[in-house]
Amino acid sequence: MAWIYKILFRLRQLLWAFAFGAITLVGIGAIQTDVLAVDLGPGATAPVRPFALNQVQLGHGLLQEKRDRVKSFLRLYDERKFLVLFNNQAGRANPKGVTPPGGWEDGGLLSGHWTGHFMTALSQAYADQSEQVFKTKLDWMIAELAACQNMITARFNGSGGSGAASWIPTFPGYLGALPEDTVLRLGPPRWAVYGSDPNTNTWAPWYTQHKIIRGLLDAYYNTNSSQALSVATKMADWAYLALTIGDKNHPKYTGNLTRDDLNYMWDLYIGGEYGGANEVFPEIYQITGDRRHLETAKAFDNRESLFGGAVNNQDILVVTKDKIPGRRRPARLHANQHVPQFIGYLRVYEHGGDQEYFTAAKNFYDWVVPHRRFATGGVGGSYPGTDTNGELFQNRDNIANAMAGTGAETCTTYNTLKLARNLFLHDHNATYMDSYERGLFNQITGSRADTASTSDPQLTYFQPLTPGAPRDFGNTGTCCGGTGMESHTKYQETVYLRSADGSTLWINLYIPSTLSWAEKGIVVKQETTFPRGDTAKFTITGQGPLDIKLRVPAWVRKGFKVAINGQAQSSIVAQPGTYLTLSRTWETGDVIEVNMPFSIRIERAIDRPDTQVIMWGPVLLQIVGKTSSTNDGFFGLSLYRYLKRDGDYSRVAIKRTGTSAADDPTFQTADIGLTVRPYYIGDSQAVSSYFRRIEPTVVFGTINTGVPNGKRNKGLPSYDVPVSGIPSPGTDGPTFLDLIWDQAPFATHKAFVEVVTSTADTFVAAGVYSAKERDTIIAKASQAEQELASD
Ligand SMILES: *[C@@H]1O[C@H](CO)[C@@H](O)[C@H](O)[C@H]1NC(C)=O
Ligand SMILES: *[C@@H]1O[C@H](CO)[C@@H](O)[C@H](O)[C@H]1NC(C)=O
Ligand SMILES: *[C@@H]1O[C@H](CO)[C@@H](O)[C@H](O)[C@H]1NC(C)=O
Ligand SMILES: *[C@@H]1O[C@H](CO)[C@@H](O)[C@H](O)[C@H]1NC(C)=O
Ligand SMILES: [Zn+2]
């Protein structure tokens, strides 16, 4: 039913859009049946666009297992809990014995956000397999919320209700689990700040408004609920008035909000956090054609302290206290307060067209990735000498010294992936998808415990980077519990993308799934066990010319082979970190097979290369257990002595030992005999993502030269803002052996000795080695031919 549904649905959209002059048709006739489609949501006007969520179905595998656990929770969790607080504000009765979810969803100042997340998750769960239970729950919630909105608006011209519902709204259309005042007081004349006093403080009120509107819009997109759109549009009408006229019934009101007032609001730590509120209003503008909603989105521009810096590419995420740009922002910005703002700027760009919004988003993303991102895909952390708030941005390039304490907030990864995906729709650089894949198969999959629960979402908040720390699961009512329900019900959203003209299909991720591309009459079925396995098979049903772009992941080291109908495509150059293109007139039954052998790779922290992780294809391998060794709690590993000329760590150094009962690969390190396993496994064992590389002397296999393994500290980054007690740039630069083995594989022993010789020469020139040490190293390297032979 999904296909016809989509076309009808979109036709209706088009008529709407025409009626309001919201769109102009470009290139009509140049494209096939897709001519009449109007795309909604992220990338609606971009050169590359997503498919609707119901056009892709997830197949069996790791992601489906994770998804199904969350779906079980969504199926059985009592949705009436989400209405209790809304009913209180609306003056509607609640069924006896039903309580709010709890956590931050307990009547405190962030209440209401989970209702939005739950609606998004239900609509995504429904899009996937059209299971009626999700739509039934969702439709009920929407109808109840609509009734609440009407009851509150009905008080606008009259007198108040009683009890919690005694307040009178300033404008029609407000909907929330808290009084309207908790939103209005953020602005003038009161300028409420973050805190817990229900009468004077506020806590990210626009964040909650965003989540509710997002949930409603997702219900509209994924389940065609016109009531959801109607409630969302009324909320948006209210938002426009709240952000232009403002708190007009306050005795000290002095007039409409100014740009300056808005800037002052958004710079407030946590109180001014608005999530991605600016993403929903341009979408509502697209659907309704009402330009006021685009203006509302722009009201969220964080113009005083961040927008301009992002347009001009001045990284000011962390500044010293004497250089704070703006009246109110803290020295160190809160990661998840700011990442989603840039998703909103992209939406303003998509519907308003101002280039600076795109530029700001692109530059901002580059400050975060790779400069502040851990190998897990996480952002945040704690820092010596500053505070212990793990939700704040690291100093630029501070990876190795940001691992103490709590770890990386899962929400920030959710939003960073959203930003990467949306940027890719405009700037088709494979690096965004490499990052997306890293975050998805590590921090996102790793955020769900591998246990069933229908009363608790079993999701992470922080994911620790501290060596030997376990992950905690739970998070009813928190931000990460909310975004987590969403993450695990939209795994299929980025597997495929298409060019706006329908001539190109982008295959970004290797995930078992079926794409039903109705407009083209093409179905693509992808069979793979990725990331447990490293091959994928695509079977085409349908006929016609199409460019298929296949992502060649940046981590590919052992080749990326493509066969079509059994014929190896040997003329194709598969450059890691790019897409390769298969241009062809496809026929039903055509089969594309991809073989991309995983390798074990070592990745080093940019600021401290001896602080490393083990990667297996896209997956980070964590070390199980805890150590009492003296390396600041990190496991110390010596691995170079196990390498042969091919430099392949999987040969001996970190060897696959088998497959677990859950089908996951297991590995062991040769040194110390540690068990190593994929990050995505969701249990509460003590695990370490990073370890310390301990390589005291220059060794070639078992031949030890006795010469210290010297370091070159050249090229290490300096933190933009000093980290107390930590030298910057550091003194743990890449070692002699690092620089040698970075050039593996070596075709011949002669080539190996040449690299050893030239590297040793540079170490002599830099004063790290004496001529005698150089000679010893080269002599031993020459003797190591048998030792290093790899065949
Ligand atoms: C979508 O909703 C509209 C308005 O409620 C309705 O007219 C239409 O039939 C619906 N389409 C589908 C496929 O359910
Ligand atoms: C309030 O009353 C005015 C004047 O009667 C009317 O125009 C308006 O529609 C009413 N607003 C609402 C939200 O009922
Ligand atoms: C205040 O904002 C409203 C838009 O909500 C606008 O219609 C009105 O003209 C503004 N008033 C002043 C004095 O600028
Ligand atoms: C893709 O992005 C990376 C990282 O920002 C950059 O180094 C590279 O030049 C970009 N490639 C293209 C083709 O723009
Ligand atoms: Zn969070």
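Residues numbered from 1 in each chain as written. Chains lettered and ligands numbered in written order. Predicted model: local features only at pLDDT ≥ 70, side-chain atom pairs only at ≥ 80, totals over all residues. Heavy atoms only, no water.

Considerations on the environment of tryptophan 517
We count it as follows: A helix here means a DSSP run of H or I that spans at least four residues, while a strand means a run of E at least two residues long, and both kinds are numbered starting from the N terminus.
Summarising the element assignment, tryptophan 517 is placed in strand S8 (residues 513-517). A sequence separation of 177 residues divides tryptophan 517 from proline 340, and the C-alpha atoms of the two residues are 30 Å apart.

A closer look at the pattern of salt bridges
Basically, it comes down to this: We count a salt bridge whenever a side-chain nitrogen from Lys or Arg sits within 4 Å of a carboxyl oxygen from Asp or Glu.
Taken as a whole and judged by the stated rule, the model has 56 salt bridges. The salt bridge involving aspartate 632 is made with arginine 692; its shortest N-O contact spans 2.9 Å. One end of the pair, aspartate 632, is in the loop between strand S18 (619-624) and strand S19 (636-637); the other, arginine 692, is in strand S24 (residues 691-693), and 60 residues separate them in sequence. Taken together, the salt bridges that share partners define one network made up of Arg214, Asp218, Glu279, Glu283, Arg347, Glu350 and Lys418.

Brief notes about the site of ligand 3
Here is the rule: The rule for a residue being near a molecule or strand is that one of its heavy atoms must lie within 4 Å of it. What qualifies as a polar contact is a pair of N or O atoms within 3.5 Å, subject to a donor-acceptor requirement within protein and to the restriction that residues adjacent in sequence count only when both atoms come from side chains. Charged means Asp, Glu, Lys or Arg here, nonpolar means Ala, Val, Leu, Ile, Met, Phe, Trp, Tyr, Cys or Pro, and polar covers whatever is left, Gly included.
In the region of ligand 3, the neighbouring residues are Tyr240, Leu241, Thr244, Ile245 and Asn256. The separation between an oxygen atom of ligand 3 and a polar side-chain atom of threonine 244 is 2.7 Å. The side chain of asparagine 256 places a nitrogen or oxygen atom 2.4 Å from an oxygen atom of ligand 3. By residue class, the composition of the shell around ligand 3 is three nonpolar, two polar and no charged.

Things to note about helix H5 (residues 132-154)
Defined as follows: Multiplying 1.5 Å by the helix residue count minus one yields the expected span of that helix. Contacts were defined at the residue level, with two residues in contact if any of their heavy atoms lie within 4.5 Å.
A rise of 1.5 Å per residue sets the reference length of H5, with its 23 residues, at 33 Å; its end C-alpha atoms lie 33 Å apart and thus fit the reference within 8%. The inward-facing, buried residues of H5 contact helix H2 (62-76), helix H3 (84-90), helix H4 (113-129), helix H7 (205-223) and helix H8 (226-244).

Brief notes about empty space enclosed by the protein
Inclusion rule: The way it works is a 1 Å grid over only the protein atoms, where trapped points that fit a 1.4 Å probe form a cavity and open points with protein on both sides within 12 Å along at least five of seven lines form a pocket, and then any residue with an atom within 4 Å of a point lines it. Grid points are joined across faces, edges and corners, and a volume is the space filled by probe spheres set on the points.
By the definition in use, this model includes ten cavities of 30 Å³ or more. What the second largest cavity holds in volume is close to 90 Å³. Around the second largest cavity, the lining residues are Tyr414, Leu417, Lys418, Tyr436, Leu440, Ile444, Ser487, Lys490, Tyr491 and Glu493. Elements represented by at least two residues in the lining of the second largest cavity include exactly helix H15 (410-426) and helix H16 (430-444). The residue makeup of the lining of the second largest cavity, split by class, is six nonpolar, one polar and three charged.

A word on the sheet that holds strand S7 (residues 504-507)
The line we're drawing: Strands are labelled as partners when DSSP assigns at least two bridges between them. Axis lines are fitted through C-alpha atoms, for helices just across the contact stretch, and the angle between N-to-C directions can take any value from 0 to 180 degrees.
One open sheet accounts for five strands, arranged S1-S6-S7-S11-S14; its pairing is mixed. Of all strands in the sheet, those bounded by a partner on one side alone are strand S1 (48-50) and strand S14 (578-586). Averaged over all neighbouring strand pairs, the angle between strand axes comes to 30°, with direction disregarded. Sheet analysis places S7 next to strand S11 (residues 544-552), joined by four bridges and oriented parallel. Across the sheet, residue leucine 505 finds its bridge partner in S11, namely isoleucine 548. Across the sheet, H15 lies against S1, strand S6 (496-499), S7 and S14, angled at about 140° from S1, the strand it touches most. Across the sheet, H16 touches S6, S11 and S14, and the angle it forms with S11 is around 60°.

Notes on the packing of aromatic side chains
Operational definition: The rule is short: rings of Phe, Tyr and Trp, with Trp giving its six-membered ring, pair when the centres are within 6.5 Å, and they are stacked under 30 degrees, edge-to-face over 60, tilted in between. Exposed residues in this analysis have more than 50% of their type's maximum accessible area, buried residues have under 20%, and partly exposed residues fall in between, with area computed by a 1.4 Å probe over protein chains only. Distance and angle both matter: a charge sits over a ring if NZ of Lys or CZ of Arg is within 6 Å of the ring centre and within 35 degrees of the ring normal.
Summed over the entire model, instances satisfying the criterion amount to 49 aromatic pairs. Ring plane angle 25° and centroid distance 6.2 Å describe the contact between phenylalanine 82 and tryptophan 114, whose orientation is recorded as stacked. Of this pair, phenylalanine 82 sits in the loop between H2 and H3 while tryptophan 114 sits in helix H4; the two residues are 32 residues apart in sequence, bridging distant segments of the chain. Under the relative-accessibility criterion, tryptophan 114 is labelled buried at 0%. When the ring of phenylalanine 441 is compared with that of phenylalanine 530, the centres are 5.4 Å apart and the planes differ by 65°; the resulting orientation is edge-to-face. Note that phenylalanine 441 is positioned in helix H16 and phenylalanine 530 in the loop between strand S9 (522-528) and strand S10 (535-541), a separation of 89 residues in sequence. Across the pair, phenylalanine 530 and phenylalanine 441 agree in class, each one buried. Taken together through their ring pairs, the aromatic side chains of Phe441, Tyr510, Phe530, Phe538, Trp555, Phe560, Phe598, Trp616 and Phe667 make up a single cluster. Lying over the aromatic face of tyrosine 207, lysine 211 brings its terminal NZ or CZ to 4.7 Å of the ring centre. Here the basic side chain of arginine 498 rests over the ring of phenylalanine 51, its NZ or CZ set 5.6 Å away from the ring centre.

Describing the domain arrangement of the protein chain
What counts, and what does not: In this entry, domain limits derive from an automatic or database-based domain assignment. The quantity reported as buried area is the accessible area (1.4 Å probe) lost by two parts once they are put together, taken as the sum for both.
Domain parsing of the protein chain yields domain 1 (1-60 + 495-597), domain 2 (69-300), domain 3 (310-321 + 334-488), domain 4 (599-694) and domain 5 (701-791). Each partner contributes residues to the interface: domain 1 has 25 residues there, and domain 3 has 16 residues. Buried area between domain 1 and domain 3, summed over both chains or domains, comes out near 1,600 Å², and the portion from carbon and sulfur atoms is 68%. Contact with domain 3 buries area across many residues of domain 1, yet Pro42, Leu509 and Arg551 alone supply 25% of it, more than any other trio. In this structure, the connection of domain 1 to domain 3 is made through two salt bridges.

Structural notes on the coordination of the zinc ion (ligand 5)
Cut-off, in case you're wondering: Metal donors: N, O and S atoms at distances within 2.8 Å, or within 3.2 Å for Na, K and Ca, with water omitted from the atom set so that some sites may seem incomplete. In these descriptions, tetrahedral denotes four donors with every angle between 85 and 135 degrees, square planar four donors and octahedral six donors with opposite donors over 155 degrees apart and the rest between 65 and 115, and irregular any other case.
The protein atoms that coordinate the zinc ion (ligand 5) are Glu409 (OE), Cys411 (SG), Cys479 (SG) and Cys480 (SG), at distances spanning 2.1 to 2.4 Å. Geometry at the zinc ion (ligand 5) is tetrahedral, judged from the four donor atoms that bind it and their angles of 96 to 122° at the metal.

Side note on the packing of helix H12 (residues 303-311) against helix H13 (residues 335-352)
The test is simple: Each angle gets one of four labels, with under 35 degrees taken as roughly parallel, over 145 as roughly antiparallel, 65 to 115 as roughly perpendicular, and the rest as oblique. The crossing is said to be left-handed when, going from far helix to near helix, the turn is anticlockwise and less than a right angle, and right-handed when the turn is clockwise.
The N-to-C vectors of H12 and H13 enclose an angle of 60°; their axes lie 12 Å apart at closest approach. By the angle class used here, H12 and H13 are oblique. For the crossing formed where H12 meets H13, the hand is right-handed. Between H12 and H13, the residues in contact are Leu306, Phe307 and Ala310 and His338, Gln341, Phe342 and Tyr345, respectively. When the residues that make up the contact of H12 with H13 are grouped by side-chain class, the tally is five nonpolar, two polar and no charged.

Notes on helix H9 (residues 259-266)
For H9, the complete set of buried residues consists of Asp261, Leu262, Asn263, Met265 and Trp266. Taken together, the buried residues of H9 touch H7, H8, helix H11 (292-299), H12 and H13.

Some remarks on the UniProt feature "domain: Non-reducing end beta-L-arabinofuranosidase-like GH127 middle" (unreviewed entry) in the protein chain
What counts, and what does not: UniProt positions are given in the numbering used here, feature names are shortened, and annotations may be inferred rather than shown by experiment.
In the numbering used here, UniProt assigns the feature "domain: Non-reducing end beta-L-arabinofuranosidase-like GH127 middle" (unreviewed entry) to residues 504-597. This span, residues 504-597, is 0% helix and 55% strand, and a straight line between its end C-alpha atoms measures 26 Å.

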